[in-house]
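Structural characterization, general
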Amino acid sequence: MFRSAIVKLTAVCDIDCTYCYMFNQADQTFKRMPARMLLPTALRLLDRICDYHPQGEPEPFTIVLHGGEPMLWPDAGFAALLAQVALRREQGWNLDVAVQTNLVQPITPELLALFREHRVSLGVSLDGPREVNDAARVDRRGRGTYERVMANVKRMLADGDGALIGGFLSVANPSLPPAEFLAWVRSLPVPKVDVLWPIEFNWRNPPWTLGASHAYAAEPRYGAWYAELFRAWWALDDPGLTIRLFNNLLHVSLGGQGHIDALVNDSYNMFVVNTDGSYEYPDYLRVAGDGSASTPFHIDTDGIAVLAGDPLFARLLDLRAELPAKCEGCRHRRVCGGGFLPGRSDARDGIASRESVLCADQMHFFDAALGLIESSLQKRDTHVHSDPANAATGLQA
Ligand code: SF4
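This is a predicted model, so every value here is computed, not measured.

Rules used throughout
Position numbers for residues count from 1 along each chain, tracking the sequence in the order it is written. Residues qualify for local features only when their pLDDT is at least 70, as the model is predicted, and side-chain atom pairs are given and counted only at 80 or more; totals for whole chains, interfaces and linings, by contrast, use all residues. Here pLDDT means the predictor's own confidence in every residue, given as a number from 0 to 100. Once C-beta atoms are placed from the backbone, any two residues with those atoms within 7 Å are in contact. Nonpolar cores are identified as sets of buried Ala, Val, Leu, Ile, Met, Phe, Trp, Tyr and Cys residues joined via C-beta atoms within 7 Å. Partly exposed residues are those whose C-beta has more than 12 but fewer than 20 other C-beta atoms within 10 Å; 20 or more makes a residue buried and 12 or fewer makes it exposed, with C-beta atoms placed from the backbone. Helix and strand assignments come from DSSP, with helices taken as H or I runs of at least 4 residues and strands as E runs of at least 2, each series counted from the N terminus. A pair of strands counts as paired when DSSP detects no fewer than two bridges linking them. Expected helix span is taken as 1.5 Å per residue step, with the number of steps being one fewer than the number of residues. In this context, the arc is that of the directions from the helix axis out to the C-beta atoms. Any residue whose C-beta atom, as set from the backbone, lies within 6 Å of a molecule or strand is reported as near that molecule or strand. Under this scheme, a helix contributes an axis fitted over its contacting stretch, all axes are lines through C-alpha atoms, and angles between N-to-C directions fall in the 0 to 180 degree range. Orientation labels follow simple angle bins: below 35 degrees gives roughly parallel, above 145 gives roughly antiparallel, 65 to 115 gives roughly perpendicular, and whatever is left gives oblique. Note: crossing handedness is left-handed where the near helix turns anticlockwise from the far helix by less than a right angle, and right-handed where it turns clockwise. Basically, the charged four are Asp, Glu, Lys and Arg, the nonpolar ten are Ala, Val, Leu, Ile, Met, Phe, Trp, Tyr, Cys and Pro, and anything else, Gly included, counts as polar.

All right, on to the confidence of the model for the chain then. As a general rule, the predicted coordinates of low-pLDDT regions are not to be interpreted in detail. Summary statistics for the chain give a mean pLDDT of 92 and a share of 95% for residues scoring 70 or more. Confidence over residues 391–397 falls short of pLDDT 50; this stretch has 6 contacts with residues more than four positions distant or in other chains.

With 86 residues, the main nonpolar core has Val7, Ile49 and Tyr226 as its most contacted residues. Top element by residues in this core is helix H8 (residues 221–236). It accounts for 7 residues. If near-sequence neighbours (up to four positions away) are discounted, tyrosine 226 is found in contact with Ala172 and Phe365.

Our next topic: the environment of leucine 43. Topologically, leucine 43 is positioned in helix H1 (residues 39–52). In this structure leucine 43 comes out as partly exposed when scored by C-beta crowding, with 14 C-beta atoms within 10 Å. A sequence separation of 224 residues divides leucine 43 from serine 267, and the C-alpha atoms of the two residues are 27 Å apart. Every residue in contact with leucine 43, bar those within four places of it in the chain, is listed here: Leu81 and Gln84.

Attention now moves to the sheet that holds strand E2 (residues 61–66). Taken in spatial order, the 10 strands make up an open sheet running E7-E6-E5-E4-E3-E2-E1-E8-E9-E10, and their pairing is mixed. Each edge of the sheet is formed by a strand with only one pairing partner; in this case those strands are strand E7 (242–243) and strand E10 (294–298). Inspection of the sheet shows strand E6 (residues 192–196) paired to E7 by 2 bridges, in the parallel sense. Within E7, the residue paired with valine 193 across the bridge is isoleucine 243.

Counted at 1.5 Å a residue, the expected span for helix H2 (residues 75–90) with its 16 residues is 22 Å, and the 23 Å between its end C-alpha atoms agrees. Every buried residue of H2 is listed here: Phe78, Leu81 and Val85. Taken around the axis of H2, the buried residues stretch over an arc of 80°, which confines them to a single face. Of the exposed residues in H2, the ones pointing more than 90 degrees away from its buried face are Ala76, Ala83, Leu87 and Glu90. After H2 finishes, the residue glycine 92 shows a positive phi value of roughly 110°.

All right, on to the site of the ligand then. Close to the ligand lie 13 residues, the nearest being Cys327, Cys330, Cys336, Gly339 and Cys359. Taken together, the elements giving at least two residues each to the shell around the ligand come down to helix H12 (333–336) and helix H13 (359–386). In terms of residues, the shell around the ligand owes the most to one element, H13, which gives 3 residues.

Relative orientation of the contacting elements helix H6 (residues 178–187) and H8 amounts to 50°, with a least axis distance of 9 Å. With respect to their mutual orientation, H6 and H8 come out oblique. For the element pair H6 and H8, the recorded crossing hand is right-handed. Residue-level contacts link Pro178, Ala179, Phe181 and Leu182 of H6 to Trp225, Glu228, Leu229, Ala232 and Trp233 of H8. Grouping the constituent residues of the contact of H6 with H8 by class yields 8 nonpolar, no polar and 1 charged.

Right, dumping it as structure tokens:
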């Protein structure tokens, strides 16, 4: 089942991040799209979602309002769309709504009130401390955006709107020492981040230089960075500091089912809708070439159920059946499942049959993180079973 839609409210942005997969990589679809989604298109999509997602379903369908920069969509459009979402919720549909924004422009008090009223969560893209963020997240005049984003965050906090911020979204950057990254996360007014694996690497563009794959596997740059960050985060032992990948890994390693798309990789259950109403494959596939995320489907003619019959969507939905041969016997098969999807993509059919090109990184990270979790649990068990107070009360780990 599809559980989420990424909705491109705009195909324009007010900044110009160097690595942006929408505007600055192989896919040029944005040039062929309307700059903004029309309100009737957004409402038609909501109808499609409610036709597909059963009324009363306990698990929500998540609508992620995205772009480009979604906050360049008209305020009146948000008001009309969210009013319809509210109506659907009253009628029994379980719908979550989130916005992923660069937050470079302040959000008007009226719109924030609307987001509060309709339980809309904001994800804010920010790549680390000012100098790191501003090396890539720049405006069209090449100026860094960090100060403007943080000023808007602080304004929201001062106005009592901090609870709207679900967290910050960063891209892993091994040139920044993990201790410094963690110190930055701790300094945030809302200490919640997710750190994305890089999406630009795949078997046609590996993270090593030509002929150096063995040397890279011995010292995988991203894996080492994530492992060190995990150790530092674990040592802090601060439940108030969330690094979503790590919290989810903990959850999955203890037998939990829910997970994010960088873990488990058994099903990729989302689709994208561009500004003209066309359905698309996940954004990750944009790096494979111009039009590589395009599909023949459109919300005017096709319901969401039709997508599941598409060969590539069917493979994405049942990714567990695509487990690469190398992963069959891997000790991290359950938590990794072939690796982060972009590392498996190629220009031919979207998903290569090989494991992720970041396999060595993921192996290194999971070895370190799961080893630490395991040894901590063993120490805890030893402590509980050898403590006379626990023996007296019969308390078990
Ligand atoms: S670590 Fe490598 S071999 Fe193991 S499941 Fe992940 S991609 Fe496959």
